[in-house]
Amino acid sequence: MPFFRPATHLWPPVLLGSQFVFNIGFYAVVPFLAIFLRDDLLLSGGAIGLILGLRTFSQQGMFIVGGALSDRYGARSVILCGCVIRVAGYLLLALGDSLSPIVLGACLTGIGGALFSPSIEALLAKAGTDSEARGKRSRAEWFALFAVCGELGAVLGPVAGALLAGFGFRQIALAGAAVFLIALGVLHLCLPRHTSHKQALKIIPWWTTFRQPRFVAFIIAYSSWLLSYNQLYLALPVEIARSGGSEKDLGPLFMLASVLIILFQLPLARFARRIGAARILPTGFLFLSAAFLCVALFAGSEPPDSWQRLLPAACFVALLTTGQMLLVPAAKDLIPQFADHNTLGAHYGALSTAGGCAVLAGNFMLGSQLDQALIPSPAAVIPWLQLAFFPFCSAVALYFICRPMR
């Protein structure tokens, strides 16, 4: 590996390491953003939900654009640009002295991820294909390692953020910017240059994805998954506050989610494939609904003084993560049944964009409701029941939408 000029050949472990480092930088900052907005900026739940929704939408909604830019200008350039944009976003979060730069910083962190994530996956797919052709590790194995490295980063990121929590959120954001700045320098040296393609920038016509009523119904029903999963950043801190915990409790809970994924993602994916995606999707959404119901059972009660006060939050994380492990591989395995080869990217982009829209609208509507759940009371149960309602509706809808695919 050269140290003073870009590499000429792609080394797949560089991509695995980048995913590991990126997730450390992400999960050390974003899980603590809601606490900063509530405790430091004194924002309402509705405003917090809107900001977190905008952050998620700016990432999910831009995925198809990031992939198209990668095809046009080369993955290396787009990855480096994404790192620069995320550094800028973290600096705004750390140094912004009013709400406007904070909102802009949150959106820039999402846009940066939308640029480098699809580009890195595209590079790994090419490297895995070459490796498989040479009789070495298969592309599927590289992607499995990629997922494990990402989850290891997701384990260590919240722990690092929790360790820095005593210094304040702005210091956490500065540390996150430093992580991505270091990653920018390393990837500049380790990613090979490629001549950009000469074809015009062209995204596969998005409107073709909406000519299939069943697919439109599918992505609308599936979009409640991302809304539910986003509650790890919006609703989970509220439950921790209700139970008398602190922001330092976020680290172990996010570690629980990542450990579950590392241990059980592959076995559950194999199980889901045997059962069939059309059957496993409703089951996964029922797990999501059960996660919110689990917290609703305790939201109206005074928490105990012992460590048991975190049991509802731990059950919430465990059930939500189990639902995610069942849902995501199965749903992505179903997409090719709706699309041909030429529109596959557009269909996956539509799936991500629908989820981003759901997070933006859902967080805005439900964020203010979560203010009721900060203090144990009968009213604290209501927002958790509302959150449970959406994945339950998705489970029922997907049962009928996917029934012809069995």
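Computed from a predicted model, the values in this text were never measured in an experiment.

Asks: Describe the overall build of the protein chain, with residues and values.
Replies: Across its full length, the protein chain holds 16 helices and 0 strands. Counting over 406 residues, the protein chain shows a buried share of 51%. Nonlocal contacts in the protein chain, meaning residues at least 24 apart in sequence, comprise 83% of its contacts between residues at least 6 apart.

Asks: Lay out the packing of aromatic side chains with the relevant residues and their values.
Replies: For any pair of aromatic rings, geometry is given as the distance between the ring centres together with the angle between the planes. According to the stated counting rule, one finds 20 aromatic pairs in the structure shown. Ring centres 4.4 Å apart and planes at 40° place the aromatic pair Phe22 and Phe116 in the tilted group. You can see Phe22 sitting in helix H1 (residues 12-27) and its partner Phe116 sitting in helix H6 (residues 99-133), a full 94 residues away along the chain. Grouping residues by exposure puts Phe22 and Phe116 together as buried. Pairing Phe22 with Phe180 gives two aromatic rings, centres 5.2 Å apart and planes at 15°, and the pair type is stacked.

Asks: Break down the side chain of Asn230 for me, with residues and values.
Replies: In this structure, Asn230 sits in the loop between helix H10 (224-229) and helix H11 (231-242). Beyond its immediate sequence surroundings of up to four residues, Asn230 is in contact with Leu52, Thr56, Val359 and Asn363.

Asks: How would you sum up the nonpolar core? Please name residues and give values.
Replies: Core analysis: the largest hydrophobic core is formed by 107 residues, its most contacted members being Phe218, Trp225, Leu236, Leu281, Phe316 and Trp384. The element that contributes the greatest number of residues to this core is helix H13 (residues 277-299), accounting for 11 residues. Residues within four places of Trp225 in sequence aside, it is in contact with Phe285, Leu288, Gln324, Leu327 and Val328.

Asks: So what's going on with the packing of H13 against helix H14 (residues 311-334)? Residues and values would help.
Replies: The N-to-C vectors of H13 and H14 enclose an angle of 165°; their axes lie 8 Å apart at closest approach. With respect to H14, the axis of H13 lies roughly antiparallel. The hand of the H13/H14 crossing is left-handed. Among the residues forming the contact of H13 with H14, the class breakdown is 22 nonpolar, 5 polar and no charged.

Asks: Give me the confidence of the model for the protein chain: which residues, what numbers.
Replies: In this model, the protein chain carries a mean pLDDT of 84, and residues with pLDDT of at least 70 account for 89%. Per-element confidence in the protein chain is highest for helix H16 (residues 381-401), whose mean pLDDT is 96, and lowest for helix H4 (residues 63-73), whose mean pLDDT is 75. Low pLDDT, under 50, characterises residues 195-201; the predicted model gives this stretch 10 contacts beyond four residues in sequence or across chains.

Asks: I'd like to hear about a nonpolar patch on the surface, residue by residue, with values.
Replies: Taken together, the side chains of Val148, Leu152, Met255, Val259, Ile262, Leu263 and Phe264 make up a nonpolar region of the molecular surface, amounting to roughly 520 Å² of accessible area. Elements with a minimum of two residues in the nonpolar patch: helix H7 (139-164) and helix H12 (250-275). If you tally residues by element for the nonpolar patch, the top one is H12, at 5 residues. The topology assignment puts Val259 in helix H12.

Asks: With reference to specific residues and values, describe the pattern of salt bridges.
Replies: By the definition in use, this model includes 2 salt bridges. We note a salt bridge from Asp371 to Arg38, for which the minimum N-O separation is 3.7 Å. Of the two residues, Asp371 is situated in the loop between helix H15 (344-367) and H16 and Arg38 in helix H2 (residues 33-39); the sequence distance between them amounts to 333 residues. Residue classification places Asp371 among the partly exposed residues on the basis of a relative accessible area of 30%. Residue Arg242 pairs with Glu239 through a salt bridge whose shortest N-O separation is 2.9 Å. A residue pair is termed a helical-turn pair when its members lie 3 or 4 positions apart in one helix, as Arg242 and Glu239 do in helix H11 at 3 residues. Judged by relative accessible area, Arg242 falls into the buried class, the value being 4%. Given the relative accessible area of 1%, Glu239 is considered buried.

Asks: Explain the packing of helix H3 (residues 45-60) against H6 to me, using residue names and the numbers behind them.
Replies: Contact geometry of H3 with H6 gives a least axis separation of 6 Å together with a crossing angle of 30°. With respect to H6, the element H3 is oriented roughly parallel. Taken as a pair, H3 and H6 cross one another with a handedness that is right-handed. Seen from H3, the contacting residues are Ile51, Leu54, Arg55, Ser58 and Gln59; seen from H6, they are Leu99, Val103, Ala106, Cys107, Thr109, Gly110, Ile111, Gly113 and Ala114.

Asks: Any details on empty space enclosed by the protein? Residues and values, ideally.
Replies: Where empty space is left can be seen by rolling a probe of water-molecule size over the atoms. One pass over the structure, following the stated rule, counts 1 cavity of 30 Å³ or more. Estimates place the volume of the largest cavity at around 60 Å³. What lines the largest cavity is simply Tyr27, Glu151, Ala154, Tyr229, Leu232, Phe254, Ala257, Ser258 and Ile261. Elements with a contribution of two residues or more to the lining of the largest cavity: H7 and H12. The greatest single-element share of the lining of the largest cavity, amounting to 4 residues, is contributed by H12.

Asks: Mind laying out the environment of Ser119, listing which residues take part and the relevant values?
Replies: Mapped onto the elements of the fold, Ser119 is located in helix H6. Separated by 43 residues in sequence, Ser119 and Arg76 have C-alpha atoms that sit 7.7 Å apart. When residues no more than four places from it in sequence are discounted, the contact partners of Ser119 are Gly66, Ser70, Ala75, Val78 and Ile79. A polar contact of 2.9 Å, which involves the side chain of Ser119, links it to the backbone oxygen of Leu115.

Asks: Account for the state of the cysteines, with residues named and values stated.
Replies: Two cysteines whose sulfur atoms are joined by a covalent bond form what is called a disulfide. Going through the model one piece at a time under the given rule, you end up with 0 disulfides. The structure places no disulfide on Cys83, whose sulfur is separated from the nearest cysteine sulfur, that of Cys81, by 9.3 Å. For Cys83, a relative accessible area of 0% gives the class buried. Note on Cys294: no disulfide assigned, nearest cysteine sulfur contributed by Cys315 at a separation of 4.1 Å. We classify Cys294 as buried; its relative accessible area is 12%.

Analysis parameters
Residues numbered from 1 in each chain as written. Predicted model: local features only at pLDDT ≥ 70, side-chain atom pairs only at ≥ 80, totals over all residues. Heavy atoms only, no water. Helix = DSSP H or I, 4+ residues; strand = E, 2+ residues; numbered from the N terminus. Buried < 20%, exposed > 50% of the residue type's maximum accessible area, 1.4 Å probe, protein only. Contact = heavy atoms within 4.5 Å. Phe/Tyr/Trp six-rings, centres within 6.5 Å; stacked < 30°, edge-to-face > 60°. Core = buried A, V, L, I, M, F, W, Y, C linked by side-chain atoms within 4.5 Å. Axes fitted to C-alpha atoms, helices over the stretch in contact; angles between N-to-C directions. Parallel < 35°, antiparallel > 145°, perpendicular 65-115°, else oblique. Left-handed = near helix turned anticlockwise from the far one by under 90°. Nonpolar A, V, L, I, M, F, W, Y, C, P; charged D, E, K, R; others polar. pLDDT = per-residue confidence, 0-100. Patch = residues over 30% accessible without salt bridge, like charges linked within 9 Å, V, L, I, M, F, W, Y side chains within 5 Å. Areas by Shrake-Rupley, 256 points an atom, 1.4 Å probe, with all protein chains shown as cover. Salt bridge = Lys/Arg side-chain N within 4 Å of Asp/Glu carboxyl O. 1 Å grid on protein atoms, 1.4 Å probe; cavity = no way out; pocket = protein on both sides within 12 Å on 5 of 7 lines; lining within 4 Å. Points joined across faces, edges and corners; volume = space filled by probe spheres on them. Polar contact = N/O pair within 3.5 Å; in protein donor to acceptor, adjacent residues only side chain to side chain. Disulfide = S-S within 2.5 Å.

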